[in-house]
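For reference, the chains in residue letters:
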Amino acid sequence: MRNLQSDLTNTFKKSGIEDVLLKQRGMLGVDVNKVKCDLYDFKNGGEVEKRAFHGEYMSQYSWGEDRISILEEEKCRN
């Protein structure tokens, strides 16, 4: 965990966005209000944001495929 925290801190610092990382004892996170994310837009947005989803999600990870059907269902509900 320390290595991950160090890597993230260094990477964000090099990009000038070190304030994105939230650190507390026993906790590491990202301030979602300071990042642009299409999944956050999809979850919090309206019809326009839902229509922007075209069935692709984290295709580089096998677990991403399982999530696609959930997102497709959510898109159809609205």
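Located above this text is the structure these notes cover.
Please read all numbers here as calculations on a predicted model, not as lab measurements.

Parameters at a glance
- Residues numbered from 1 in each chain as written.
- Predicted model: local features only at pLDDT ≥ 70, side-chain atom pairs only at ≥ 80, totals over all residues.
- Heavy atoms only, no water.
- Helix = DSSP H or I, 4+ residues; strand = E, 2+ residues; numbered from the N terminus.
- Buried < 20%, exposed > 50% of the residue type's maximum accessible area, 1.4 Å probe, protein only.
- Polar contact = N/O pair within 3.5 Å; in protein donor to acceptor, adjacent residues only side chain to side chain.
- Phe/Tyr/Trp six-rings, centres within 6.5 Å; stacked < 30°, edge-to-face > 60°.
- Lys NZ or Arg CZ within 6 Å of the ring centre and 35° of its normal.

(A) Just the side chain of Glu 74, in detail. Topologically, Glu 74 is positioned in helix α4 (residues 62-77). The exposure class assigned to Glu 74 is buried, which follows from its relative accessible area of 14%. In terms of polar contacts, Glu 74 uses its side chain to reach the side chain of Lys 43, at 3.0 Å.

(B) Here's a closer look at the packing of aromatic side chains. Per the counting criterion, the structure on display carries 3 aromatic pairs. Ring centres 5.6 Å apart and planes at 65° place the aromatic pair Phe 42 and Phe 53 in the edge-to-face group. In this pair, Phe 42 sits in helix α2 (residues 38-44) while Phe 53 sits in the loop between α3 (47-51) and α4, placing the two residues 11 residues apart along the sequence. Just as Phe 42 is buried, Phe 53 falls in that class too. Seen from their ring centres, Tyr 61 and Trp 63 are 5.3 Å apart, and the 15° between their planes marks the pair as stacked. The class of Trp 63 is partly exposed, set by a relative accessible area of 45%. Taken together through their ring pairs, the aromatic side chains of Tyr 57, Tyr 61 and Trp 63 make up a single cluster. Over the aromatic face of Phe 42 sits the side chain of Lys 50, whose NZ or CZ is 4.3 Å from the ring centroid.

(C) A look at the side chain of Lys 50. Note that Lys 50 resides in helix α3. Polar side-chain contacts of Lys 50 include one of 2.6 Å to the backbone oxygen of Phe 42.

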